[in-house]
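# An overview of the molecular structure
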Amino acid sequence: MIVYFTLTAAVLALLLLVKKNTVSEYTTDGRLGFYRGMTRQDAINLIVLVTIFLGLFAVSAFRLNVGNDYGKYVEHMHLINSKTDGWTPKVPEEEGFKALTYVIYKLCGFENYVLVFAVFSFFTVLFFMKGIWRQSKWFEMSFAMFMLLGFYFQSLSTVRYYFGLGIALLSIEHLVKKDYPGFILMILLGAFFHKSLLIILVLYPIAMINWKKWMYALGVALGVSCWFLRPIYAKIAVRIYSEYQGTGTFDRMLGGPIHYSYISIVRCALILAVSIYLYKDVIKDNRENIFFFHCNIMSLALYVFAAFLTDEVISRIAYYLTITHVLFVPSLLLGVKDSKKRKMYTMLVLLGCLMYFVIFMKRIAPANGTRILPYTTIMFDDMPPILSETGY
């Protein structure tokens, strides 16, 4: 745990050196203004960002058997590498993952699963950092939330999904700027590594449009119908996520007890309340914030009405919507005109995020389903035998 706390503290301290919103520093699209001549602050920003990137990448890339699916991925990579002309192993991962693993293994001449994880770590951290830097109106706050709400640490566990989530965050900029071909292309490419990305081809455009009153009413009716048409919606969900067909997860969807994510519900509800209060000043005429506002509403609806789909399914859908919180909340805070109130609300948000971080590390990080604690590394530890080696 000391590794994660030290990393988080170092990142939060480095963020204090970043100053993004200076006139001479940026081009009109938010990129660093190298073409205008690099200022001292530009250089500081660059050094800090590179340092943060290297820290996040190193902790992720040098881990060993950390994450709920680490051993399973190593087993599947072994099967992919064992492919012959007469035998093709059945592994559930998408073709992009299979191709990347196969190429790396063949180039290295041995089963270098550490390098495969390192490649995913590199691009996952890069996508998130680039997405937040380019789109956030308050980078320091956004990145602090990214760390404290566990998004980075979850990427150590569900590797392909968070690779896709980083792509989803990046794709928002294309959608906001009405670059629809760029948006669709990014999602289709990302789907070669995690097919759940395809769902945002529906969710994100819906969130982007201006909703009418009848649309809100339809949404409420659809949500309430989940309580009465549970088996039908469960079967639809399994068609989308076919790997759950015939499993215990599907059985729980049909008739098992419902477990609500109360922390997620409270977080979405609080953001909804604040955004309604600031709607006229911050959201109404802002295309990007309208998108974030609708994403939050849809995520809240999922957590409240569709919890029967189980956390495995709900989290895969809802996280594509709640990742926008790291951009939306700072925008809402900047919309508070009274500077004293803004500082107070900022401290409350940071305090809430810090409390969640402590809960995450104590309860979620070591639990089955996440299992990123204890932290072990290739420098001091050995990989336990995989299924193909033990036979059971």
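Up top is the structure.
Structure report, in brief. Bear in mind that the values here come from a model prediction, so they are computed numbers and not experimental data.

The rules behind each value
- Residue positions are given per chain, counted from 1 along the sequence in the order it is written.
- A pLDDT threshold of at least 70 governs which residues receive local features in this predicted model, and a stricter bar of 80 or more applies before side-chain atom pairs are shown or counted, although totals over entire chains, interfaces and linings include all residues.
- Only hydrogens and water are set aside when side-chain values are computed; all heavy atoms of the structure are taken into account.
- By the criteria applied, helices consist of DSSP H or I runs no shorter than four residues and strands consist of E runs no shorter than two, each listed in order from the N terminus.
- The globule rule used here is 2.2 Å times the number of residues to the 0.38 power, and the radius of gyration it is set against is calculated over C-alpha atoms.
- Burial status follows relative accessibility: with a 1.4 Å probe on protein chains alone, a residue under 20% of its type maximum counts as buried, one over 50% as exposed, and anything between as partly exposed.
- Residues are treated as being in contact if the distance between any of their heavy atoms lies within 4.5 Å.
- The protein chains shown are the only cover counted for residues, whose accessible areas, like all others here, come from Shrake-Rupley with a 1.4 Å probe.
- Classification of ring pairs rests on two measures: the distance between centres of Phe, Tyr or Trp rings, Trp counted by its six-membered ring, which must be within 6.5 Å, and the angle between planes, read as stacked under 30 degrees, edge-to-face over 60 and tilted in between.
- Here, a charge over a ring is recorded when the distance from Lys NZ or Arg CZ to the ring centre is within 6 Å and its angle to the ring normal is within 35 degrees.
- Here an angle of 0 to 180 degrees is reported between the N-to-C directions of two axes, which are lines fitted to C-alpha atoms, with helices fitted over the stretch in contact.
- Angle categories are assigned with fixed cut-offs, so that under 35 degrees is roughly parallel, over 145 is roughly antiparallel, 65 to 115 is roughly perpendicular, and the rest are oblique.
- Two helices crossing with the near one rotated counterclockwise from the far one by less than a right angle form a left-handed crossing, whereas a clockwise rotation gives a right-handed crossing.
- The classification used treats Ala, Val, Leu, Ile, Met, Phe, Trp, Tyr, Cys and Pro as nonpolar, Asp, Glu, Lys and Arg as charged, and all other residues, Gly among them, as polar.
- Exposure above 30% relative accessible area and the absence of a salt bridge qualify a residue for a patch, where like charges join within 9 Å and nonpolar side chains (Val, Leu, Ile, Met, Phe, Trp, Tyr) within 5 Å.
- Salt bridges, as used here, are contacts in which a Lys or Arg side-chain nitrogen is within 4 Å of a carboxyl oxygen on Asp or Glu.

## Digging into the overall build of the protein chain
Broken down by element type, the protein chain carries 20 helices and zero strands. Relative to a compact globule of 392 residues, whose C-alpha radius of gyration would be 21 Å, the protein chain shows 22 Å and is just as compact. Seen through its C-alpha atoms, the protein chain measures out along the principal axes to roughly 65 × 60 × 40 Å. Counting across all 392 residues of the protein chain, residues that qualify as buried make up 50%. Taking all contacts inside the protein chain whose residues are at least 6 apart in sequence as the whole, residues at least 24 apart take part in 73%. Total accessible area on the protein chain stands at roughly 19,500 Å², and carbon and sulfur atoms take up 67% of it.

## Some points on the packing of aromatic side chains
Taken as a whole and judged by the stated rule, the model has 37 aromatic pairs. Ring centres of tyrosine 152 and phenylalanine 153 lie 5.1 Å apart, and the angle between their planes is 70°; on these two criteria the pair is classed as edge-to-face. Of the two residues, tyrosine 152 and phenylalanine 153, both sit in the buried class. Seen from the ring of tryptophan 133, lysine 20 lies directly overhead, with NZ or CZ sitting 5.1 Å from the centre.

## Some thoughts on unusual backbone geometry
Omega for the peptide link from leucine 373 to proline 374 comes to 0°, which places this bond in the cis form. Relative to the assigned elements, proline 374 resides in the loop between α19 (339–364) and α20 (387–390). Within the chain, asparagine 65 stands out as a residue other than glycine whose phi angle is a positive 55°. In this fold, asparagine 65 is placed in the loop between α2 (40–61) and α3 (70–81).

## Looking at the packing of helix α10 (residues 200–208) against helix α16 (residues 287–305)
It is at 7 Å that the axes of α10 and α16 come closest, and there the two elements cross at 120°. When the axes of α10 and α16 are compared, the pair comes out oblique. Relative to α16, α10 is oriented so that their crossing is right-handed. Within the contact between the two elements, α10 uses Leu203, Tyr204, Ile206, Ala207 and Met208 and α16 uses Arg287, Ile290, Phe291, His294, Cys295 and Met298. Considering only residue class, the contact of α10 with α16 consists of nine nonpolar, one polar and one charged.

## Concerning a nonpolar patch on the surface
On the surface, a nonpolar cluster with roughly 850 Å² of combined accessible area is contributed by Trp227, Phe228, Leu229, Ile232, Ile236, Ile258, Tyr260 and Tyr262. For leucine 229, the position within the fold is in the loop between α11 (213–225) and α12 (230–240).

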